[in-house]
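Coordinate inspection notes
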Amino acid sequence: MLVVLLEVFSTMPEASVTEYELVETPAEAPITVIASFFTAQDNIQSPIGLMIINKTDHLVVIDWDRCALILPDGRSERVIHVGVRYREKAAPQAPTPIPPSAEVEEAIWPSNFIRWRSGYGNTSGGWGEDPIRVSPGDVIKLYLTWETGGQGASGSWAYKYTPSLF
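As the structure is a prediction and not an experimental result, all values here were calculated from the model. (Residues numbered from 1 in each chain as written. Predicted model: local features only at pLDDT ≥ 70, side-chain atom pairs only at ≥ 80, totals over all residues. Heavy atoms only, no water.)

1. A closer look at the confidence of the model for the protein chain
Averaged over every residue, the pLDDT of the protein chain is 87; residues scoring 70 or more account for 86%. Residue range residues 1-16 is modelled with pLDDT below 50. Its contacts to residues more than four positions away, or to other chains, number 43 contacts. (pLDDT = per-residue confidence, 0-100. Contact = heavy atoms within 4.5 Å.)

2. Let's talk about the sheet that holds strand S14 (residues 132-133)
Within the open sheet, the three strands sit side by side as S4-S5-S14. Their pairing is antiparallel. Sheet topology places strand S4 (39-40) and S14 at the edges, where each strand pairs with a single neighbour. Examined bridge by bridge, S4 and strand S5 (residues 43-44) share two bridges and lie antiparallel to one another. By the bridge assignment for S5, Thr-39 is matched with Ile-44. (Pairing = 2+ DSSP bridges. Helix = DSSP H or I, 4+ residues; strand = E, 2+ residues; numbered from the N terminus.)

3. So, the environment of Pro-47
On the secondary structure map, Pro-47 appears in the loop between S5 and strand S6 (48-54). Accessibility expressed as a relative area gives 28% for Pro-47, which makes it partly exposed. The sequence separation of Pro-47 and Ile-80 amounts to 33 residues, and the corresponding C-alpha distance is 9.6 Å. Ignoring anything within four residues of it in the chain, the contact list for Pro-47 reads Tyr-86, Ala-107, Ile-108, Trp-109 and Glu-129. (Buried < 20%, exposed > 50% of the residue type's maximum accessible area, 1.4 Å probe, protein only.)

4. Digging into unusual backbone geometry
The phi torsion of most residues other than glycine is negative, and most of the peptide bonds are trans. Phi at Gln-41 is positive, roughly 50°, even though this residue is not glycine. Among the secondary structure elements, Gln-41 is positioned in the loop between S4 and S5. One non-glycine residue, Asp-42, lies in positive phi territory at about 55°. Relative to the helices and strands, Asp-42 is located in the loop between S4 and S5.

Here it is, written out as structure tokens:
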């Protein structure tokens, strides 16, 4: 078993440890994906961090317009990645090239979970992320599509939410 991320939240009344266990990876994928989640009070609070590592001697290109996040309830959500302005969340996205034996850091969020919030008082408002609700035992899947050597392929990585208190 691989624990993807371990975080301690000391600002909450009870400290909690949040673990996301990698429970599924695609066979023969040319990339390794390590995900990190900031979860508090059973909500993923901010964009999901990704470290994508090219395991090959060829360029791998991630096609973000053909990628999705599958939520615990089974809904498939289009994702946007780093560099996409929230106000352009429905626009086509630039792909991410990953050179041979290199790694890139990305962050993703479901585009339908990004909203404009009106300001209160002296604030003018702004774009923000709605949290993703998770319960113990829930699985979140990341579906990625890539191209390498002129061939397209895709695969899923699944992460199981297993919080614990100490």
